[in-house]
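Per-entry structural report
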Amino acid sequence: MVNKLVKYGFKPSGVLPEARKIFKHSIIHPKRQEIPDTGYAKDVPHPKNSTRNLILPKYTPVKKLIANTIKNPKKKIDFNSKQFRSFPKVQQVKLKKAKTRRDYLLEAYTNEEQKILQKIEAEKQKEVLLQQKRKEQRKLDMKNQVFVKKNSLTLPTISSFLKGPLVRRRTEDEKKILMMKKKANYNNSLLIKKENQAERLLELYYKSKDFVITEEKLKEKIEKAFEIPAQRNQRFNLEQQLDVTLNSGVSMFIDQNYKNVSNNAVDKLLGTHKNAFPDADQIIDEYNGVSKNLYQKAQKNLKKNPSTVDAKLSV
Amino acid sequence: MSLVKLGYICSHLQNCATRRIPLTSIPYTRQSINVALHLYKEGFISAISKGSVVRPDLPSENIEVTFDNIATRKLWVTLKYRDNQPVLGKFRLVSTPSQKFFLSDVEIKALSSGLSVRKIKPQQPGELILVQLEDKKIIDLQEAAKNNVGGLVLCRART
């Protein structure tokens with residue numbers, strides 16, 4: 001026996017009985033409220049073996065339990081009396097055993113009741129303390145002005161979309177920025193429009209050079225218009241052009257396009273118009289005095305270090 | 001939103017369900033959100049989420065709806081299927097723009113209790129009928145009957 005206990009570390013072997021609760025049912029009245037809109041309606045009959053009312057879980061107060069289970073014998077027996085001694089020994093033992101059993105059970109019941117009540121009391125106290133702590137924390141937060149939004153910690157629900165306005169209104173700053181953007185866009189479009197107008201006006205001005213204003217020019221133009229071109233010369237020109245295209249392997253159209261592109265590039269680089277006249281931008285710069293400033297700056301730089309210019313020219 | 005647009009939503013969702021499409025988008029308006037929410041509560045659809053024209057928003061991104069992006073905002077609806085059959089079988093308008101059914105509280109109670117009112121057939125088990133109140137609030141027919149209110153009968157959905 002001892003060896004076996006040693007083998008298992010002084011632990012009893014075998015299957016132990018399940019630990020049962022001392023009280024089968026709760027000893028405190030369960031406080032429950034009926035949930036609204038549940039159960040049977042007034043006119044609807046309820047099925048057999050059921051009730052319309054809320055069924056509460058069973059509860060037996062300890063006093064009732066003691067009164068039912070640990071009943072004292074009808075006749076009070078004094079274990080020191082002569083009457084008790086007169087009983088047969090088996091009955092004496094039986095009575096004593098019954099007494100001890102009753103005493104132990106009573107003790108167990110009372111102890112368990114106290115334990116449960118203490119536990120409930122402790123829980124209540126814990127909750128009160130928690131509430132006090134929360135109150136203090138809230139006061140502290142109010143003092144320090146620390147507010148944590150509950151909604152910011154969770155995802156927004158669909159029903160929360162409907163609570164406020166669907167679209168967030170613009171703030172005052174956003175409104176100001178938007179107005180500024182609109183104004184800038186309008187001004188930009190105006191500027192582009194005016195630039196185009198200026199360019200067209202300039203083109204018209206340059207073209208006006210060829211306009212017929214005087215009588216002499218009119219005569220010249222009429223003569224030019226009615227002049228019969230020499231056929232020989234024309235044929236020669238055509239043959240010459242064909243020779244060039246066949247030899248080079250490049251078509252006339254590409255050549256023409258290339259010419260146009262090169263002319264445009266040169267115009268852009270030099271800031272000149274198609275007819276080698278100043279561009280609209282150049283005129284605007286001149287009018288604003290930008291080109292004059294540039295010229296003055298360039299002159300100053302030249303005076304300061306003329307060697308760099310000479311070096312560049314030699315390269 | 002007009003009944004016409006609600007009609008578009010109804011037919012769009014019904015068509016998507018017949019073609020077994022898992023995700024669709026509907027306009028981001030108050031009425032469509034309300035309708036989608038009721039469908040979700042009754043179990044006709046499995047999810048609702050905000051999103052753009054291209055796709056629903058990810059859970060990590062919380063995009064605010066502003067006047068700058070309202071044109072691209074949509075409400076994404078996940079449709080539900082059981083045994084390859086759509087849960088949202090029929091979704092139709094009851095009131096049409098040419099024939100609107102404004103029911104009183106008594107008529108709504110009658111409709112909810114299984115009687116046909118005018119041309120509207122009675123509510124079947126598992127069927128959702130939506131009612132619009134005077135203050136544009138959309139509620140379920142049962143809720144309307146419970147609160148003794150009348151209104152415009154909008155649409156009905158069933159499997």
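Residues numbered from 1 in each chain as written. Chains lettered and ligands numbered in written order. Predicted model: local features only at pLDDT ≥ 70, side-chain atom pairs only at ≥ 80, totals over all residues. Heavy atoms only, no water.

**A closer look at the interface of chain A and chain B**
Listed as interface residues are 14 residues of chain A and, on the opposing side, 18 residues of chain B. Summed over both partners, the interface of chain A with chain B buries about 1500 Å², with 66% contributed by carbon and sulfur atoms. Taking the shortest distance from any N to any O, the salt bridge between Asp68(B) and Arg170(A) comes out at 2.7 Å. Applying the counting criterion to the chain A and chain B interface returns 5 residue pairs in polar contact (both at pLDDT 80 or more). (Contact = heavy atoms within 4.5 Å. Buried area = accessible area lost by both parts, 1.4 Å probe. Salt bridge = Lys/Arg side-chain N within 4 Å of Asp/Glu carboxyl O. Polar contact = N/O pair within 3.5 Å; in protein donor to acceptor, adjacent residues only side chain to side chain.)

**Notes on the pattern of salt bridges**
Enumeration over the complete set of coordinates arrives at 9 salt bridges over all chains. For Glu172(A), the salt bridge is made with Lys175(A), and the minimal N-O distance between the two is 3.8 Å. On the criterion of helical spacing, the pair formed by Glu172(A) and Lys175(A) is a turn pair, its members being 3 residues apart in helix α7 (residues 172-207). Taking relative accessible area as the criterion, Glu172(A) reaches 56% and is therefore assigned exposed. When the shortest N-O distance is used, the salt bridge between Arg73(B) and Asp57(B) registers 2.9 Å. With Arg73(B) in strand β3 (residues 73-79) and Asp57(B) in the loop between β2 (45-52) and β3, the pair connects residues that are 16 residues apart, well separated along the chain. (Helix = DSSP H or I, 4+ residues; strand = E, 2+ residues; numbered from the N terminus. Buried < 20%, exposed > 50% of the residue type's maximum accessible area, 1.4 Å probe, protein only.)

**What to know about the UniProt feature "coiled-coil region" (unreviewed entry) in chain A**
Per the UniProt record, "coiled-coil region" (unreviewed entry) is found at residues 106-139 of chain A. Counting secondary structure, residues 106-139 of chain A comes out at 100% helix and 0% strand; the distance between its end C-alpha atoms is 49 Å. (UniProt positions renumbered as here; feature names shortened; annotations may be inferred.)

**Focus: the packing of aromatic side chains**
How two aromatic rings sit relative to each other is set out by the distance from centre to centre and by the angle between their planes. Here the structure, examined in full by the defined rule, presents 4 aromatic pairs over all chains. Three or more aromatic residues joined by ring pairs form one cluster here, namely Phe79(A), Phe84(A) and Phe87(A). The aromatic ring of Phe161(A) is capped on one face by Lys50(B), whose charged end is 4.5 Å from the ring centroid. (Phe/Tyr/Trp six-rings, centres within 6.5 Å; stacked < 30°, edge-to-face > 60°. Lys NZ or Arg CZ within 6 Å of the ring centre and 35° of its normal.)

**Looking at the confidence of the model for chain A**
Across chain A, pLDDT averages 81, with 78% of residues at or above 70. Residue range residues 244-254 of chain A is modelled with pLDDT below 50. Its contacts to residues more than four positions away, or to other chains, number 4 contacts. (pLDDT = per-residue confidence, 0-100.)

**Digging into the packing of helix α2 (residues 62-69) of chain A against helix α4 (residues 89-144) of chain A**
Residues and elements named next belong to chain A. Closest axis-to-axis distance for the α2/α4 pair is 11 Å, and the angle between their directions is 170 degrees. What the angle tells us is that α2 and α4 run roughly antiparallel. Taken together, the residues of α4 that come into contact with α2 (itself represented by Val62, Leu65, Ile66 and Thr69) are Leu106, Tyr109 and Glu113. (Axes fitted to C-alpha atoms, helices over the stretch in contact; angles between N-to-C directions. Parallel < 35°, antiparallel > 145°, perpendicular 65-115°, else oblique.)

**Concerning the nonpolar core**
Of all hydrophobic cores here, the largest spans 35 residues; its most connected members are Leu13(B), Ile33(B), Leu39(B), Phe91(B) and Leu154(B). When residues of this core are traced back to their parent elements, those giving at least two are α6 (158-163) of chain A together with α1 (3-18), α2 (30-42), β2, β3, β8 (128-132) and β10 (151-158) of chain B. For this core, the element with the highest residue contribution is α1(B), accounting for 6 residues. Both domains that meet at this core, namely domain 1 (3-86) and domain 2 (90-158) of chain B, each give it at least three residues. When residues no more than four places from it in sequence are discounted, the contact partners of Leu13(B) are Thr24(B), Ile26(B), Leu39(B), Val77(B), Leu79(B), Leu88(B) and Phe91(B). (Core = buried A, V, L, I, M, F, W, Y, C linked by side-chain atoms within 4.5 Å. Domains from an automatic or database assignment.)

**Points about a positive patch on the surface**
Where like charges cluster on the molecular surface, the positive patch consists of Arg134(A), Lys135(A), Arg138(A), Lys139(A) and Lys143(A). Relative to the helices and strands, Lys143(A) resides in helix α4. (Patch = residues over 30% accessible without salt bridge, like charges linked within 9 Å, V, L, I, M, F, W, Y side chains within 5 Å. Areas by Shrake-Rupley, 256 points an atom, 1.4 Å probe, with all protein chains shown as cover. Lys, Arg positive; Asp, Glu negative; His and termini not counted. Charge placed at Lys NZ, Arg CZ, Asp CG, Glu CD.)

**Section: a negative patch on the surface**
Residue and element names in this part refer to chain A. Taken together, Glu195, Glu199, Glu203, Asp281, Asp285 and Glu286 make up a surface patch of like negative charges. At the level of elements, α7 and α11 (280-288) are the ones that each hand at least two residues to the negative patch. Relative to the assigned elements, Glu286 resides in helix α11.

**Concerning the confidence of the model for chain B**
Averaged over every residue, the pLDDT of chain B is 93; the share at 70 or more is 99%. Note on the complex model: pTM 0.50, ipTM 0.80.

**Points about the pairing of β10(B)**
All names here are of chain B. Here β10 lies mainly inside the structure; 7 of its 8 residues are buried. With 4 bridges connecting them, strand β6 (residues 90-93) and β10 associate as antiparallel partners. Note that in β10 the partner of Phe91 across the bridge is Ala157. Bridge analysis of strand β7 (residues 102-103) against β10 gives 2 bridges, and the strand direction is antiparallel. In the sheet register, Phe102 faces β10, and the bridge partner there is Leu152. Pairing of β8 with β10, which is carried by 5 bridges, proceeds in the antiparallel orientation. Its bridge partner lying in β10, Val131 is registered against Val153. (Pairing = 2+ DSSP bridges.)

**A word on the sheet that holds strand β1 (residues 23-27) of chain B**
Whenever strands of a sheet pair, they do so through backbone hydrogen bonds, lying parallel or antiparallel. All names here are of chain B. Spatial ordering of the open sheet is given by β1-β3-β2, a layout of 3 strands whose pairing is antiparallel. The two strands at the open ends of the sheet, each matched to only one other strand, are β1 and β2. Each adjacent strand pair in this sheet contributes to an overall mean axis angle of 30 degrees, direction not counted. Contacting β1 and β3, α1 crosses the sheet at an angle of about 175 degrees to β1. This element, α2, spans β1, β2 and β3 of the sheet and lies at about 150 degrees to β2.

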